[in-house]
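Observations on the model geometry
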Amino acid sequence: MSADGRDLTGELAALGEVPGEVATLLQFSTAFCAPCRSTRRMLAEVAAVVPGVRHVEVDAESHLELVRRLAVRSTPTVLVLDSSGTEVRRASGAPPTRAAVIATLASLGEIFPGDPQSGPDGDSVDLSRKG
């Protein structure tokens, strides 16, 4: 994963979306992309268990101007945005692992105070599962 440091609040607003309170998982997908479906499920699951995290999926074919502007070259591409909408990480071409997403979110410092292996209610988060 690499980061660009670009503020994408305007792009989210143009999509009718707002950043998550803590982070936004911005996924670019295409209809024919099988890895995009597994990425969608995994990111939705992470967003469901981590407070303040939103998952936003964008159909790359319907938003070609945005795809070009953000240099999205393949799908799935996942941008991790912090609470201000700034890109902090990017994974492109292959789905990121659940562990990588959780670790990136934990690195933002607001997700899992103390133990990044624990979920929001102190429950263990399964970092070993890929996908």
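This is a predicted model, so every value here is computed, not measured.

1. So, the overall build of the protein chain
Secondary structure assignment for the protein chain yields 4 helices and 4 strands. Each helix and strand of the protein chain, placed in order from N terminus to C terminus, yields the pattern α-β-α-β-α-β-β-α. Burial analysis of the protein chain (131 residues in total) assigns 41% to the buried set. Expressed as a percentage of contacts within the protein chain between residues at least 6 apart in sequence, the contacts between residues at least 24 apart total 68%. Element-wise, carbon and sulfur atoms account for 50% of the exposed surface of the protein chain, whose accessible area totals about 6,400 Å².

2. Brief notes about the state of the cysteines
Covalently bonding the sulfur atom of one cysteine to the sulfur atom of another cysteine gives a disulfide. Considering all chains together, one arrives at 1 disulfide under this definition. For C33, the disulfide goes to C36, at an S-S distance of 2.3 Å. With the S-S bond torsion at 85°, the cross-link from C33 to C36 turns out right-handed. When sorted by exposure, C33 lands in the same class as C36, which is buried.

3. Looking at the pairing of strand 4 (residues 87-92)
In the sheet, strand 3 (residues 77-82) pairs with strand 4 via 5 bridges, with the strands oriented antiparallel. The residue bridging T77 from the neighbouring strand is S92, located in strand 4. The loop that links strand 3 with its antiparallel partner strand 4 comprises 4 residues; one of these, G85, has a positive phi angle of about 90°.

About the cut-offs
Residues numbered from 1 in each chain as written. Predicted model: local features only at pLDDT ≥ 70, side-chain atom pairs only at ≥ 80, totals over all residues. Heavy atoms only, no water. Helix = DSSP H or I, 4+ residues; strand = E, 2+ residues; numbered from the N terminus. Buried < 20%, exposed > 50% of the residue type's maximum accessible area, 1.4 Å probe, protein only. Contact = heavy atoms within 4.5 Å. Areas by Shrake-Rupley, 256 points an atom, 1.4 Å probe, with all protein chains shown as cover. Disulfide = S-S within 2.5 Å. Pairing = 2+ DSSP bridges.

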